[in-house]
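# Breakdown of the fold
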Amino acid sequence: MSDPSTASPPKTLYQKVWDAHTVRDLGGGRTQLLIGTHLIHEVTSPQAFGMLRDAGLGVRMPERTFATVDHIVPTHSLVEPFEDPIADQMIRELRRNTEAHGIELFDVTTGRQGIVHMVGPEQGITQPGTTIACGDSHTSTHGAFGAIAFGIGTSQVRDVLATQTMVMNELKVRRIEVNGTLRPGVYAKDVILHIIKTLGAKGGIGYAYEYAGDVFDAMGMEERMTVCNMSIEGGARCGYVNPDETTFAYLEGRPYAPKGAAWDAAVERWRALASDEGAPYDDVVVIDAADIAPTVTWGINPGQGVSIADPVPDPADAEDAAEATSIREALEHMQLEPGAPIRGRKIDVAFFGSCTNARLSDFLEAARVLEGRTVAPGVEAIAVPGSQWVKAECEKRGIDRIFIDAGFEWRGAGCSMCLAMNPDKLEGDQLCASSSNRNFKGRQGSPTGRTVLMSPVMVMAAAVTGEIADAREVFGAADGVPA
Amino acid sequence: MSALPPIPEVRGTAVVVPGDDIDTDRIIPARFLKCVTFDDLGPALFHDERFEADGTSKGHPLDAPEARGATILISGVNFGSGSSREHAPQSIHKAGFRAIVAGSFAEIFFGNATTLGMPCVTLDADDLAVLKATVASEPATEVVVDVANREVRAGDRVFPATLPDGAHGALLEGRWDPLGDLLAAGDDVERVARDLGYLPAEPGA
């Protein structure tokens, strides 16, 4: 084989992975794309298995399909049958379908269950250069490994089950470079909230986001997952970070990672996947890390964000009538006054969980600032590890005690109050400081409930003060902020 | 797979759901995702926007008497953002809608709707505003979403519409549900899988 660096023009990782997985052109820009890894869960797969049965079709690559339960699973008790009979039925349906087709299920009894986007990486199933699909929009998370990972609908879950392929239109690629060093007290969540605030909730439509530059190079895998997770909140179908030594070190030794000589061959293959020097991009955005502050949302989509020290917008300052209407609707739902600070608003609930921020590193960071403090009176605080592995690891290290002693409820693994499909829900117009990914109206289970998205450390600051707070002021040196 | 009917146009009365960034949580709240089929999702459409907790109407446009029987839904930019839940376009379809006109669509939603044979076309901002005003003032106006000619007509007005080539061709050729095309690839899937280096040599079990 000739040396690819001289033989072919420079390409992005996206282009290399796309080309390698292209089965055929279906015309009109539609491509039949091979999906290397298919992840399924209990909420968007039963209808797809039903469609397969109706069509008399089987599962094409059951050994490349992996299942877990996360969306609907209760986090307070795993005693079966579950209190919610429909939740119980959906989980039994997943068990039946995976058993019938020979698909591995990381069930609640395995110690390996959790939010699907945590289980894939933990098990070493998520690997560089692969295509991944899952009936959940936050599948973009897996891009942290240099995979191209798409959230899909249920009919596409059917397509991937039946054929291991699906139809996709090729995306443009936007490189988002964040250079320099993050200020103390600024986390991966702040970086992605800042990016979405800057480019807008629909700014990424038609794009894959490539995250590059000093800040992502320096991030650990779990931080990269936080960033890639919210690509979809910026409208981008997927987002990725080029694989590097950090990626390989994370994967080595995990259950589904290659072993021995196969490992060495895989690393060599993965190394060659990173975007080439001089690769063409459809757009490049450069951000200075020093401009990023702890960021929270003030509105009803993740693009409506603000630095914690800044006031929320005033519709009178909007660029056009449509923006003014959007701001007015959001302020009204959130019960905020135009131009007022969001800092200092009283909270009712602190939710620490979700596929954005419920990994071990999130718990270590949060525990560091929470230790020795207590949740403010009147605040309902729940901590929901994203997976059984994270929960067990926290308990091994005594981190559960820090949360319990502070007044948090310590829960089992699942999506929980991120989307409120299980019993964890806001009530009435409660205001929730949340480490999750969506602040849509009604998202956390009450039509009038209010969600403010922020990093786990900022959730801790809100929990202990009882209000939306600047964690740097609340925790000072414990948050790495110089006196 | 049997051939699907081509969808050259959708014709009927329309209803306007005002606002931009209408996310799929609003279209169908998560609690309605507790189902193992999509059959009963119609009444859940925009549920919490339409009804108070006690079931009384909030006066949503979908519940206006003149909205009865509407087959075309009109909204703003970034329609269908957020969750990948196919329950969202399924609930719109099961509630009787057969086409959506908006300023722009979130991509997962667009793909999910197209797979159901429900065309999603976009108009530029000025035309969309005129269309909304026309439907608001004359709800009985017949609106035509002309897939073949990529235009939307309302009364004597004609608006150029955008519909990407892939969806355009798929709707006109009766290939909007792609499963038949995907199954027809045959050995190409094995060939690509073999060359990737990370998939099993003998796929399938």
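Residues numbered from 1 in each chain as written. Chains lettered and ligands numbered in written order. Predicted model: local features only at pLDDT ≥ 70, side-chain atom pairs only at ≥ 80, totals over all residues. Heavy atoms only, no water.

## A word on the overall build of chain A
- Assigned secondary structure in chain A consists of 17 helices and 19 strands.
- Over its C-alpha trace chain A gives a radius of gyration of 22 Å, about what one expects of a compact globule, namely 23 Å for 483 residues.
- Projected onto the principal axes, the alpha-carbon positions of chain A cover approximately 60 × 55 × 45 Å.
- By residue count, 65% of the 483 residues in chain A fall in the buried class.
- Taken as a whole, chain A presents about 15,900 Å² of accessible surface, with 50% of it coming from carbon and sulfur. (Helix = DSSP H or I, 4+ residues; strand = E, 2+ residues; numbered from the N terminus. Rg over C-alpha atoms; globule rule 2.2 N^0.38 Å. Buried < 20%, exposed > 50% of the residue type's maximum accessible area, 1.4 Å probe, protein only. Areas by Shrake-Rupley, 256 points an atom, 1.4 Å probe, with all protein chains shown as cover.)

## A word on the confidence of the model for chain B
- Across chain B, pLDDT averages 94, with 96% of residues at or above 70.
- Two numbers describe this predicted complex: its pTM, 0.97, and its ipTM, 0.95. (pLDDT = per-residue confidence, 0-100.)

## Some details on the pattern of salt bridges
- The full count for this structure, using the stated rule, is 45 salt bridges over all chains.
- Of the charged contacts in the structure, one is a salt bridge between Lys346 of chain A and Asp348 of chain A, with a shortest N-O distance of 3.6 Å.
- Residue Asp348 of chain A is classed as partly exposed on the basis of its relative accessible area, which comes to 21%.
- Look at the salt bridges and you will find they share partners, linking Glu329 and Lys441 of chain A together with Asp23, Arg26 and Glu49 of chain B into a network. (Salt bridge = Lys/Arg side-chain N within 4 Å of Asp/Glu carboxyl O.)

## Some words on helix H6 (residues 165–172) of chain B
- In terms of burial, H6 of chain B is a largely internal element, six of the eight residues being buried.
- Looking only at H6 of chain B, the buried set comprises Gly166, Ala167, His168, Gly169, Ala170 and Leu171 of chain B.
- The elements touched by buried residues of H6 of chain B are strand S1 (22–27) and strand S2 (30–34) of chain A together with helix H4 (107–115) of chain B.
- Looking one or two places after H6 of chain B, you find Gly174 of chain B, whose phi comes out positive at around 70 degrees. (Contact = heavy atoms within 4.5 Å.)

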